[in-house]
Each structure stands twice: as structure tokens, then as C-alpha cells.
Amino acid sequence: MRWNPVLRTGIAVAAFGLVATACGEQESIGDGGGDQAPAPSVEQDAQFEPGTTMAELNEAGTITIGTKFDQPLFGLRTLEGELTGFDTEIARIIAGGLGIAPEDIDWVEAPSAQRESLIERDEVDLVVATYTINDERAERVSFAGPYYQAGQTLMVRSDNQEITGPDDLRGSDAKVCSATGSTPSENIREYIDEDQLVLFDTYSQCRDSLDNGQVDVVTTDNVILLGFISESDGAFKLVGEQFTEEPYGVGITKGDVAFCEFINEQLRQAAESGAYDAAWEATAGPVAEEVPELPGLDPCS
Ligand code: GLU
């Protein structure tokens, strides 16, 4: 576990500026797995045009954000109920720009297949959840970003010598697990027969099935798999090259161009201020290593 309650207390204290030495304390207690995510700056006197989503959220002082709860490195809920990961840090940065402090965020689990409906039904204000931007989804929701570019790959048990990439799945009887409603579950159909595909709501269910031998392969984005591998004690490995491009966007209500532009501006500023790099280093960085560049942002529509 990356963040323990002691560290979180340190952050909360630092955020309110009550104890000036809290930062030093965080470093000395660290678990050795990367830096602690700095508390995002919270815009105290943000002004927004009345009637905009930004004005509404700022006025409410809270925001509801959909994310993954079971994906180490990007979105993981700890036993203490804290959310950790690059996605959650990106979400905290956006909330900060709206004048909303991290403790005023309501987190909602957003499994792959439910992201569009959560947004359409207004059950969340935005989704930051390893969420690939694509045309089909863009018919139902709008995307800010992308803020990261991942790519699909495969994870197998470490003793598996047969499967070294998706081409090895053709004509094999390997069972391949992915999440319902995800892009990887669709992309992999090019390589396997329908009866080889095993679908669950979440990737942690796939991870457990790989562990107990029910499936032979888990397929999704590289960074999600790396998160599971980092916690597997050597039981799993990544195989093959990335065979798709998965640009991660922030999902919002379809057509909310002003909100999309606001989020893009927050991403730009985070890249400029170093908050984006710090968020990476404190979460995925120690496992996925290189700090990514913020990708070129898509125009909002
Ligand atoms: N990025 C892919 C997607 O949005 C896979 C990860 C996920 O399911 O969250 O479908």
C-alpha cells in the first residue's frame, strides 16, 4: 500500500498550513515507493461565469468524481478508504482549480462498462478512470484531455513461456480475461475466438482468475497491468509490445465545451507548474518509470 493514514494526516495538515514541518515528516515516513503526492493547490477565489458547470461546482463546494477503485497506480481505494493513483491526482488537480479541496470530493466507483451511463445520468460530475477517448463513447459523453497515452498489452503468470504476444493467442485455447465495456475487450477479439474471452466487471477479478488458474491471460492497458504486477510478488509478468493506443480522457457531460476547456486549461497549467510530473512521480512513476509528457490536447466539442 502506497499511502498509510499517517502520511495522509501529514498531507491534510500541510494543506491547511497548520504545521510547517509536515512535509519533512512525510518524506521520513515514506515507504520507499516514490514521493508523496503534494496536496493540490486549491483556488481560493476562483471566479466563474454564472450558469457554467464550473460556477455551479464552485458554489456547491463539492464534486462527485467517478474513478476506478481496484487499479493500483491509477485508481485504488485503500483499506482506509483513501483513493490513490495518477487518475485520482489528476482529479484532485481539477477539483482544486474549481476551489474544491481534496476532502470535499465524493468518489464513486466507475467500472469500465458504467462510465458513460454514470455521466449521462448525472451521477458524477466527471470521470477520470483510465478512460480511453474514442468516437463511440464521444457520441454519449465529451472528453477533455488526453492527459495520458497508454497502450494495450498482455499479462500472464510468470512461468508461462508459450504466450509472448497477442499473435500467440491465435488458434490457441488460452482463456483471456478483460473487463466488460472496455476497449481492450473489443480489440482482443481480432486475435481470439469468442469462447476464449472471459469478461468481468473489473480487472481485479481478472487478476484473481489469473492467479487461481481460471484464465491464462489478462489483457488491458499496460499501466493497469503494471499496477497488478507490482503487487504480485513476481507471480505475473507483462508480455509483448503495446498493440493499441489508449489516450486517457476526462469524461464529462456531452457538449459541455466550457467545462472541457476549463479542464484542459487545468491540465496545461499542471504540466507547466510541475504538478503533473509530481502526481506521476508519487503514483505510477516508481513502477512505470519515465514521467510522460502531457499529450497534445484535443479540441473540445
Ligand atoms: N482504457 C481502456 C478503456 O477505457 C481500458 C481500461 C479500462 O477499462 O478502464 O476501455
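Remember, it's a predicted structure, so these values are computed and weren't measured experimentally.

## Section: the sheet that holds strand E10 (residues 197-200)
Moving on, step 1. Taken in spatial order, the five strands make up an open sheet running E10-E9-E11-E8-E12, and their pairing is mixed. Of all the strands in the sheet, just E10 and strand E12 (236-239) have a single pairing partner and so form its edges. Between one strand axis and the next, the sheet turns through 35° on average, direction left out of account.
Moving on, step 2. Judged from the four bridges that link them, strand E8 (residues 152-157) and strand E11 (residues 217-221) form a sheet pairing that is antiparallel. Within E11, the residue paired with Thr153 across the bridge is Thr220.
Moving on, step 3. Packed onto the sheet, helix H8 (residues 203-211) meets E8, strand E9 (176-179), E10, E11 and E12 and runs at close to 155° relative to E11.
Moving on, step 4. Across the sheet, helix H9 (residues 222-230) is in contact with E8, E11 and E12; its angle to E11 comes to roughly 130°.

## Concerning H8
Moving on, step 1. Buried residues of H8: Tyr203, Ser204, Cys206, Ser209 and Leu210, and no others.
Moving on, step 2. Taken from the residues just after H8, Gly213 is the one with a positive phi, measuring 85°.

## As for the pairing of strand E7 (residues 141-150)
Moving on, step 1. Across the ten residues that make up E7, a large majority, nine, are buried.
Moving on, step 2. Bridging between E7 and strand E13 (residues 246-253) involves seven bridges; their strand directions are antiparallel. Bridging across to E13, Ala144 finds its partner in Val250.

## Concerning the confidence of the model for the protein
Moving on, step 1. Residues with a pLDDT of 70 or more make up 88% of the protein, whose mean pLDDT is 89.
Moving on, step 2. Note that residues 1-34 has pLDDT below 50 and, in this model, 46 contacts with residues that lie over four places away or in other chains.

Parameters and conventions
- Residues numbered from 1 in each chain as written.
- Predicted model: local features only at pLDDT ≥ 70, side-chain atom pairs only at ≥ 80, totals over all residues.
- Heavy atoms only, no water.
- Pairing = 2+ DSSP bridges.
- Helix = DSSP H or I, 4+ residues; strand = E, 2+ residues; numbered from the N terminus.
- Axes fitted to C-alpha atoms, helices over the stretch in contact; angles between N-to-C directions.
- Contact = heavy atoms within 4.5 Å.
- Buried < 20%, exposed > 50% of the residue type's maximum accessible area, 1.4 Å probe, protein only.
- pLDDT = per-residue confidence, 0-100.

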